[in-house]
Every structure is written in C-alpha cells, then in structure tokens.
Amino acid sequence: MVHYKLIYFNLRGRGELARLILHHQEVAFEDFRFEREEWTKYKTGTPFGQVPVLEVDGKPLAQSNAIARYLARQHGLAGQNEWEQSQADMYVDCIYDLISGTRPIIHESDKEKQKEILQKFLKETVNPHLEKLEQQLIKNGTGFLVGKSITWADLAYYSFFSPMTERFGDSVMDNSPHLKKLVEHVANIPQIKKYVETRPKTTL
Amino acid sequence: MPNYKLIYFNVRGRAELSRLILSCANVPFEDYRIEHSDWPAIKQDMPFKQIPVLQVDGVNLLAQSNTIARYLARQHQLAGQNEWEQSQADMFIDCVYDLHAGMRPVAREKDPEKQQEIFDKVNEEMIQPHAKKIEEILIKNGSGFLVGNALTWADIAYYAYFTTPMMDHLGGQVLESHPHLKKLIQHVGDIPTIKKYIETRPVTSR
C-alpha cells in the first residue's frame, strides 16, 4: 500500500480537492496540516517553495492540480477513457481560473469594496461561465460533468461552489439548477459528508 | 490519425505550446488563426467562450490551453513514460503557467523604461528563484531533460516560456546562471521538427 502524505496549510484552499478525492475513494493518507506561522519551517523542504505537496512513498509532487490529477487517475476518479480524462481536466482548469478570480475579493479588507469586486466577478466571470456550464450539464444528461459517473471535475465544482454559497449566499447558483443539483449530490455522498463534518473548521 | 483543428488568435500566447507539441511530433494539424475582429462571431460557439479550443475529428471540442496540450502530449508520446513521470510533467507545466501569469504585469506596462523595471523585479523575485530550482532538478535528474530520460512537453513548455518575444527583448540574460536549463532550451529549439515550425510560423508580437 503506497503511503501518501499531503502537506498543506490548515486550510481548505488549494489542498482541499486532493483531500476530497482521497476521502471519496476511501484511500488512507496522512493529512499533514500546519498553521501559517509555521510556514518558514516547511517552505525550504518543498520542491518550489510552495504547498500543497504530495509525498508518495517519500517522493514529492508539487502543484495542486498535478497532485489532484495524479490521485484521481490512481484511484479511478479521472474519467473512463482518455477523452473523458481530458474533459475532466478542462473543467478543473475552469475552476482554477475561478479560484484565481476570487483572490482580489478575499484580499480586499474594505467590506464595501469587497462587495463591489464580488458583484463584478459574479457578473463578468462566474455567470457567463455558469451559462455555458449548464448547457454542458444538460447536454451530457447524466447529472455529472463527464460521462456517466462522478469524476474529480464534479468534486472540483463542489469544492469551489459550496464555499461560494456559504460565503456569498444561495443566489450564486440561482440560474444554474443542474450545477446546484450536482453540488448538493456531492455534498450528500456519505464519505464526503462524513469528512466535511469532521474536518478542521477553517476560514478558507 | 485524428483530424485536429486548433483555434486561436494569430499570436503565440496560450496556443503555442500545443502548436509546438504537434510540430515536434510531426503531426499535421490545421493551425486555425483568427483575427480579433472575427472573435465576437466565433465566441458563442466555443465551449466556454474562450480560446484556444481544439476540435478533434470535426466534432469534439476541448477547451483550456493546458488541457489541450496535455491531451496532445499524451496522444503523441510526449507526456512521460509512466504515470509518475506524467504527473511530474504536469507539475512542471503548472509551474510554467504560474511563470506566464507573473509576466502579465510586465506585458501590461507600455512605457519601455517602466516595463524593464517591472521585468527586472519579476525576474529577481520569481524567475531567478524558480530557474535555480529547475537547474538543481536538471542536475539531479541527469538526463538533460526535466522528466525521466526523454523529451516531454514539460521541456517544450519551458522552451516556449523562455523564448517569447518579450523575454528576448527584456530578459536576454535570464538563463546565464543556469547552464543546464539554458542548454535544454537550446536543445529544444534545435530539434529539427521544432526548428522547421519556428522558421515558418507567422511572426507575431507575442
């Protein structure tokens, strides 16, 4: 049995997708978390001065999506064939873009300005994306983003949109009933539900 | 052989890595470049209103530049020899993605002096520290390539990053302290199929 050590801050952030994949597939791993203040202690040991890092039997893999993709492929959550795998990759890249778009919002300390930037982000970036995403979900017709069953792409959308609605309200997915249903479906998967109920409570 | 149509603007930008992969592997493809004025009409037909998009066999559409490049790399034996190598290559691709993002403030600055200043800062804070780590990795790996014993799309991605018009213009000396990385970049540029593509591709500002 391969030994996984996932090294990241004690946050969801860019480590959460890998954690969700492993919990969904019920794969044991060491969920190594440290507080921000301890960062300098761990930074130099990482391949590129960043986390998350996944150690696979001690061998390091960096970059959140590379880690998540590796785990998804190793544990049957990547898609049923090469085309499906690429479709899943595509959706995960979309989420990566959306995550990047939230950074100015998260870092804005003025509440009024934050609201403004958020509204702009929702209107100019999120909503146009969701419009197309709903079409893709309807076209695929299975309830999942790719093929007939759950992939890491569905977990990625759950991982992004679940905190979005927690933080900014239900209206985020108002015009996206299929995505809303998918996010709810993922939230109710027993392994996911159990992990979410027991994971450390963190702001991000 | 599948029929590929790669749709993007007439710039290197986010499509160049895929063009280089296909060229390197000697795979024919339709390098469909659109003018900015044509974009609004095409936009709605794209999966996420963005390009590049790869159309396969006239029917299937794949979006997102790195997803397209990864798909093509895997289809044409440029992704790595096993699953671990493939992940290592993915990791390097994500690093290059971050490097490109770091250059955006440089690209946005139109005043030449200010632009050089911003570049120098980005170089000091981001490019040099990263290149140093890559140099160490190359030395440790020992094959001359980033992953395993052979060329992968990771090597091509670093080549594309370090040979943009902007890098040539502002960062001529960036690799001077990193001889193994410099050698790798030169090697990729000298691969006959890549050399041929570079010599014949449209000349664009970015």
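Residues numbered from 1 in each chain as written. Chains lettered and ligands numbered in written order. Predicted model: local features only at pLDDT ≥ 70, side-chain atom pairs only at ≥ 80, totals over all residues. Heavy atoms only, no water.

K.L.:
Even after reading the chapter, I still don't get the overall build of chain B, so can you show me in this structure?
P.N.:
On a plain count of helices and strands, chain B comes out with nine helices and four strands. Against the globule reference of 17 Å for 206 residues, chain B gives a C-alpha radius of gyration of 17 Å, in line with a compact fold. The C-alpha extent of chain B, read off along each of the three principal axes, is 45 × 45 × 30 Å. Counting across all 206 residues of chain B, residues that qualify as buried make up 52%. (Helix = DSSP H or I, 4+ residues; strand = E, 2+ residues; numbered from the N terminus. Rg over C-alpha atoms; globule rule 2.2 N^0.38 Å. Buried < 20%, exposed > 50% of the residue type's maximum accessible area, 1.4 Å probe, protein only.)

K.L.:
In this structure, what is going on with the sheet that holds strand β2 (residues 30-34) of chain A? I would like to understand it.
P.N.:
To summarise the sheet geometry, strands pair through backbone hydrogen bonds and adopt either a parallel or an antiparallel arrangement. Residue and element names in this part refer to chain A. Taken together, the four strands give an open sheet; going across it, the order is β2-β1-β3-β4, and neighbouring strands pair in mixed fashion. Looking at which strands have only one partner, the edges of the open sheet turn out to be β2 and β4 (59-62). Neighbour-to-neighbour, the strand axes of the sheet open up by a mean angle of 20°, direction not taken into account. Across four bridges, the pairing between strand β1 (residues 4-9) and strand β3 (residues 53-56) is antiparallel. Bridge pairing in β3 places Lys-5 opposite Glu-55. (Pairing = 2+ DSSP bridges. Axes fitted to C-alpha atoms, helices over the stretch in contact; angles between N-to-C directions.)

K.L.:
What exactly am I supposed to notice about the interface of chain A and chain B here?
P.N.:
Bring the parts together and some accessible area is lost; that lost area is often taken as the interface size. On the side of chain B, 32 residues touch chain A, which itself brings 34 residues to the contact. Buried surface at the junction of chain A and chain B, both sides included, amounts to about 2800 Å², of which 57% is carbon and sulfur. Contact with chain B buries surface across chain A, with Phe-48, Trp-83 and Lys-132 of chain A losing the most and accounting together for 25% of the total. The interface formed by chain A and chain B holds three salt bridges in total. For Asp-89 of chain A, the salt bridge goes to Arg-70 of chain B, with nearest N and O atoms at 3.3 Å. There are 15 residue pairs in polar contact (both at pLDDT 80 or more) connecting chain A and chain B. Elements that contribute at least two residues to the side of chain A that touches chain B include exactly β4, α3 (64-74), α4 (82-107) and α5 (111-140) of chain A. The element that contributes the greatest number of residues to the side of chain A that touches chain B is α4 of chain A, accounting for eleven residues. (Contact = heavy atoms within 4.5 Å. Buried area = accessible area lost by both parts, 1.4 Å probe. Salt bridge = Lys/Arg side-chain N within 4 Å of Asp/Glu carboxyl O. Polar contact = N/O pair within 3.5 Å; in protein donor to acceptor, adjacent residues only side chain to side chain.)

K.L.:
Would you explain the packing of helix α1 (residues 16-24) of chain B against helix α9 (residues 192-200) of chain B in this entry?
P.N.:
Residues and elements named next belong to chain B. It is at 8 Å that the axes of α1 and α9 come closest, and there the two elements cross at 130°. When the interaxial angle is binned, α1 and α9 end up oblique. You can see that α1 and α9 cross each other, and the crossing is right-handed. Note on element contacts: α9 touches α1 through Thr-193, Ile-194 and Tyr-197, opposite Glu-16, Arg-19, Leu-20, Ser-23 and Cys-24. Residues that form the contact of α1 with α9 fall into these classes: four nonpolar, two polar and two charged. (Parallel < 35°, antiparallel > 145°, perpendicular 65-115°, else oblique. Left-handed = near helix turned anticlockwise from the far one by under 90°. Nonpolar A, V, L, I, M, F, W, Y, C, P; charged D, E, K, R; others polar.)

K.L.:
Looking at this model, I keep getting lost on the packing of aromatic side chains. Mind explaining?
P.N.:
Two numbers describe a pair of aromatic rings. These are the distance of the centres and the angle of the planes. Counted under the stated rule, the structure contains 18 aromatic pairs over all chains. Here Trp-83 of chain A and Tyr-71 of chain B contribute two aromatic rings whose centre-to-centre distance is 5.3 Å and whose plane-to-plane angle is 85°, an arrangement assigned as edge-to-face. Here Tyr-71 of chain B lies in helix α3 (residues 65-75) and Trp-83 of chain A lies in helix α4, a pairing that spans two chains. For Trp-83 of chain A, a relative accessible area of 22% corresponds to the partly exposed category. The ring of Trp-84 of chain B has Lys-59 of chain A lying over it, and the distance from NZ or CZ to the ring centre is 4.5 Å. Between the NZ or CZ atom of Lys-5 of chain B and the centre of the ring of Tyr-32 of chain B, over which it lies, the distance is 4.1 Å. (Phe/Tyr/Trp six-rings, centres within 6.5 Å; stacked < 30°, edge-to-face > 60°. Lys NZ or Arg CZ within 6 Å of the ring centre and 35° of its normal.)

K.L.:
Explanation requested: the nonpolar core in the structure shown.
P.N.:
In a soluble, globular protein the nonpolar side chains are often hidden away together inside. Formed by 138 residues in total, the largest nonpolar core has its most connected members in Phe-161 and Leu-179 of chain A together with Ile-156, Tyr-158 and Phe-162 of chain B. For this core, the leading source of residues is helix α4 (residues 83-108) of chain B, giving ten residues. When residues no more than four places from it in sequence are discounted, the contact partners of Tyr-158 of chain B are Phe-92, Cys-95, Val-96, Leu-99, His-130, Ile-134, Leu-146 and Ile-185 of chain B. (Core = buried A, V, L, I, M, F, W, Y, C linked by side-chain atoms within 4.5 Å.)

K.L.:
Can you help me understand the pattern of salt bridges in this one?
P.N.:
Should their charged atoms come close, side chains of opposite charge can pair. Throughout the structure, instances matching the rule amount to 20 salt bridges over all chains. In this structure, the salt-bridge partner of Asp-31 of chain A is Arg-33 of chain A, at a minimum N-O distance of 3.1 Å. Residue class for Asp-31 of chain A comes out partly exposed when judged on its relative accessible area of 26%. In this structure, Asp-90 of chain B engages Arg-69 of chain A in a salt bridge whose closest nitrogen and oxygen atoms are separated by 3.1 Å. Here Arg-69 of chain A lies in helix α3 and Asp-90 of chain B lies in helix α4, a pairing that spans two chains. The residues Asp-90 of chain B and Arg-69 of chain A share a single accessibility class, namely buried. Connected through shared salt-bridge partners, Arg-69, Arg-73 and Asp-89 of chain A together with Arg-70, Arg-74 and Asp-90 of chain B make up one network.

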